[in-house]
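# Results of the structural survey
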2 protein chains.
Amino acid sequence: MAGGVAAASALSSPWKALLQRALDANAHLRHSTYFQLATVGAGGRPANRTVVFRGFQEHCDKIQINTDTRSNKIGEISICPFGEICWYFTDSWEQFRISGSIDAIDGSSADPAKLQHREKAWFASSVKSRLQYLGPQPGIPVVDEEQAKDVHLEPSAGPVDAFCLLVLDPEKVDYLNLKSNQRLIFTRRQKENGSSDWMAEKVSP
Amino acid sequence: MAGGVAAASALSSPWKALLQRALDANAHLRHSTYFQLATVGAGGRPANRTVVFRGFQEHCDKIQINTDTRSNKIGEISICPFGEICWYFTDSWEQFRISGSIDAIDGSSADPAKLQHREKAWFASSVKSRLQYLGPQPGIPVVDEEQAKDVHLEPSAGPVDAFCLLVLDPEKVDYLNLKSNQRLIFTRRQKENGSSDWMAEKVSP
């Protein structure tokens, strides 16, 4: 792709294959599925936190993240519905910066397909991980160290109110390989028929 | 600190000791000095990338990062001079979210002390690392794969134009320990005499 812009395959996102390869190469590391999600927070200032990759949505590029409806990022996303993921793979020295819009799906969604995605994400996470959504609101002062230790949850019970599925729809992916010192920028291009494809460009690191 | 707010020592930032301990505990990992820096970019959207911790500024809490004046973040910081660091320590399972204002110091600074900090940061980085500031502008299309391979730099030569020191002045630190499941929020409080101290609060993770 040296020398400029090349149209990438419209069938599959070209960066997705790179990302899948990085996930495979770093799979022995527990933290390989952790990345940092930046949003715009209070007063227009940036916010940044580590979250867990919960897989791609079926048959597409959209990236899934579980979160608590009571966390600050929900309010932030309702004001500025954009995010940038920074995902650094510590073993292969690869960085993916993935920016796009974020859809926050809680139990009040009117879209049955979205509610189904949320339910699927709920059951895909461990019962232990589900329990955190029954705990106290994140970020509030701890008053009683012993509270909320006896929470019980039926494994067959559906998503609780505090459970929210975030879906990031990638628009641009900036890939950097620190071993080969190569950088590629992938940009999504909307086509006239409503579908989209990706352009790839090799740029200076 | 259970039960509410406690005034932390005014002499030293209480979170700095926690961060130093995390740095020591993870020092065997090359990536332990890498963190993600979020800023607000084009169109008010969040931007996020991995950068390298270049130490604290002498006798204070300010965090130093080297960057290229030609990178996007310089323009972003000139419009919105705030950042949030997300620093995840993969071995000790600790996360530090450090937010504050960012000062970008390039060679045009009128402040001799700042220029001195910049020069010190330049010589503190390896000659190999300095060479990148003589390479092509980051993010521009690669036209000739072979270009800029014969760049030479005198080890005694001072900072080049493209070298910029970023200094983040922390205002709030959100600490999360995933092993003990404990979270502390440290907030800087300005005092009447111009100095400041830190408040620490234990909150729900």
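The model shown is predicted, which means the values in this text are computed figures rather than measured ones.

### Remarks on the environment of A:Asp103
All names here are of chain A. By the secondary structure assignment, Asp103 is in strand 6 (residues 94-105). Residue classification places Asp103 among the partly exposed positions, given a relative accessible area of 29%. The spacing of Asp103 and Leu168 is 65 residues in sequence and 6.4 Å in space, taken between C-alpha atoms. Once you skip the residues sitting within four places of it in the chain, Asp103 turns out to touch Lys114, Leu165, Leu166 and Val167. Side chain to side chain, Asp103 and Lys114 meet in a polar contact 2.8 Å long.

### Focus on the pairing of strand 9 (residues 196-203) of chain A
All names here are of chain A. Of all the eight residues making up strand 9, six are buried; the element is thus mostly covered by neighbouring parts of the structure. The sheet contact formed by strand 8 (residues 182-190) and strand 9 spans eight bridges and is antiparallel. Bridge assignment links Gln190 to a residue of strand 9, and that residue is Ser196. The hairpin turn running from strand 8 into strand 9, its antiparallel successor, is five residues long, and Gly194 in that turn takes a positive phi close to 95 degrees.

### A word on empty space enclosed by the protein
A full pass over the atoms with the stated rule returns one cavity of 30 Å³ or more. Approximately 160 Å³ is the volume found for the largest cavity. Around the largest cavity sit A:His31, A:Tyr34, A:Phe35, A:Gln36, A:Tyr88, A:Thr90, B:His31, B:Tyr34, B:Gln36, B:Tyr88 and B:Thr90, which together line it. When residues of the lining of the largest cavity are traced back to their parent elements, those giving at least two are strand 2 (34-40) of chain A together with strand 2 (34-40) of chain B. For the lining of the largest cavity, the leading source of residues is strand 2 of chain A, giving three residues. When its residues are assigned to classes, the lining of the largest cavity shows five nonpolar, six polar and no charged.

### A look at the UniProt feature "domain: Pyridoxamine 5'-phosphate oxidase Alr4036 family FMN-binding" (unreviewed entry) in chain A
Taking the UniProt record as the reference, the feature "domain: Pyridoxamine 5'-phosphate oxidase Alr4036 family FMN-binding" (unreviewed entry) is found at residues 13-105 of chain A. Across residues 13-105 of chain A one finds 22% helix and 43% strand; the C-alpha atoms that close the span lie 24 Å apart.

### Things to note about the interface of chain B and chain A
Chain B puts 45 residues into the contact, and the matching count from chain A is 45 residues. Both faces considered, chain B and chain A share a buried interface measuring about 3600 Å² in area, 55% of it formed by carbon and sulfur atoms. With a closest N to O distance of 2.9 Å, A:Glu171 and B:Arg45 form a salt bridge. Taken together, chain B and chain A are joined by 17 residue pairs in polar contact (both at pLDDT 80 or more). At the level of elements, strand 2, strand 3 (46-52), strand 5 (82-89), strand 6 (94-105) and strand 9 (196-203) of chain B are the ones that each hand at least two residues to the side of chain B that touches chain A. Residue classes in the side of chain B that touches chain A are distributed as 21 nonpolar, 14 polar and 10 charged.

### Observations regarding the relation of the copies chain B and chain A
Mapping chain B onto chain A calls for a screw motion: a turn of 180 degrees about the axis and a shift of 0.0 Å along it, with 0.0 Å RMSD after fitting. Such a combination of turn and shift is consistent with a two-fold rotation axis. Both copies contact each other with a shared surface, as 100% of the interface residues of chain B are interface residues in chain A too.

### Considering the pattern of salt bridges
If you walk through the whole model with that rule in mind, you get 22 salt bridges over all chains. Where A:Glu84 meets A:Arg97, a salt bridge forms, and the shortest distance between an N and an O atom there is 3.0 Å. Of the two residues, A:Glu84 sits in strand 5 (residues 82-89) while A:Arg97 sits in strand 6, which places them 13 residues apart along the sequence. There is no split in this pair, since A:Glu84 and A:Arg97 are both buried. In this structure, the salt-bridge partner of B:Arg49 is B:Glu76, at a minimum N-O distance of 2.9 Å. Of the two residues, B:Arg49 is situated in strand 3 and B:Glu76 in helix 2 (residues 72-79); the sequence distance between them amounts to 27 residues.

### Some points on helix 2 (residues 72-79) of chain A
Residue and element names in this part refer to chain A. Here helix 2 has its buried residues at Lys73, Ile74, Glu76 and Ile77. Summarising the axial view, the buried residues of helix 2 lie within an arc of 165 degrees, below the 170-degree limit, and thus occupy one face. Among the exposed residues of helix 2, those pointing more than 90 degrees away from its buried face are Asn72, Ser78 and Ile79. At its buried positions, helix 2 is contacted by strand 2, strand 3 (46-52), strand 4 (63-68), strand 6 and strand 7 (163-177).

### Quick notes on helix 1 (residues 14-25) of chain B
Quick reminder: α-helices carry 3.6 residues per turn. Residues three or four places apart thus point the same way. Here helix 1 of chain B is 12 residues long and its end C-alpha atoms lie 17 Å apart, about the 16 Å a rise of 1.5 Å per residue gives. Looking at the packing, one finds that the buried side of helix 1 of chain B touches strand 5, strand 6, strand 7 (163-177), strand 8 (182-190) and strand 9 of chain B.

### Observations regarding the side chain of B:Ser109
All names here are of chain B. With respect to the secondary-structure elements, Ser109 resides in the loop between strand 6 and helix 3 (112-124). Of note is the side chain of Ser109, whose polar atom sits 3.2 Å from the backbone nitrogen of Asp111. When near neighbours in sequence (up to four residues on either side) are disregarded, Ser109 contacts Lys114 and Leu115.

### Observations concerning the pairing of strand 3 of chain B
Residue and element names in this part refer to chain B. Taking burial as the measure, the seven residues of strand 3 include five buried ones, the bulk of the element. As paired elements, strand 2 and strand 3 share seven bridges and run antiparallel to each other. Bridge pairing links Val40 to Pro46 in strand 3. Remark: five residues form the turn of the hairpin made by strand 2 and strand 3, two consecutive strands paired antiparallel; Gly43 in that turn has positive phi of roughly 65 degrees.

### So, the state of the cysteines
Evaluated as defined, the whole model comprises zero disulfides over all chains. With no disulfide of its own, A:Cys164 lies closest to A:Cys80 among cysteine sulfurs, the gap being 16 Å. The cysteine B:Cys86 is free of any disulfide, with A:Cys86 supplying the nearest cysteine sulfur at 9.7 Å.

Cut-off values and rules
Residues numbered from 1 in each chain as written. Chains lettered and ligands numbered in written order. Predicted model: local features only at pLDDT ≥ 70, side-chain atom pairs only at ≥ 80, totals over all residues. Heavy atoms only, no water. Helix = DSSP H or I, 4+ residues; strand = E, 2+ residues; numbered from the N terminus. Buried < 20%, exposed > 50% of the residue type's maximum accessible area, 1.4 Å probe, protein only. Contact = heavy atoms within 4.5 Å. Polar contact = N/O pair within 3.5 Å; in protein donor to acceptor, adjacent residues only side chain to side chain. Pairing = 2+ DSSP bridges. 1 Å grid on protein atoms, 1.4 Å probe; cavity = no way out; pocket = protein on both sides within 12 Å on 5 of 7 lines; lining within 4 Å. Points joined across faces, edges and corners; volume = space filled by probe spheres on them. Nonpolar A, V, L, I, M, F, W, Y, C, P; charged D, E, K, R; others polar. UniProt positions renumbered as here; feature names shortened; annotations may be inferred. Buried area = accessible area lost by both parts, 1.4 Å probe. Salt bridge = Lys/Arg side-chain N within 4 Å of Asp/Glu carboxyl O. Least-squares fit on C-alpha atoms with pLDDT ≥ 70 in both. Arc of directions from axis to C-beta. Expected span 1.5 Å × (residues − 1). Disulfide = S-S within 2.5 Å.

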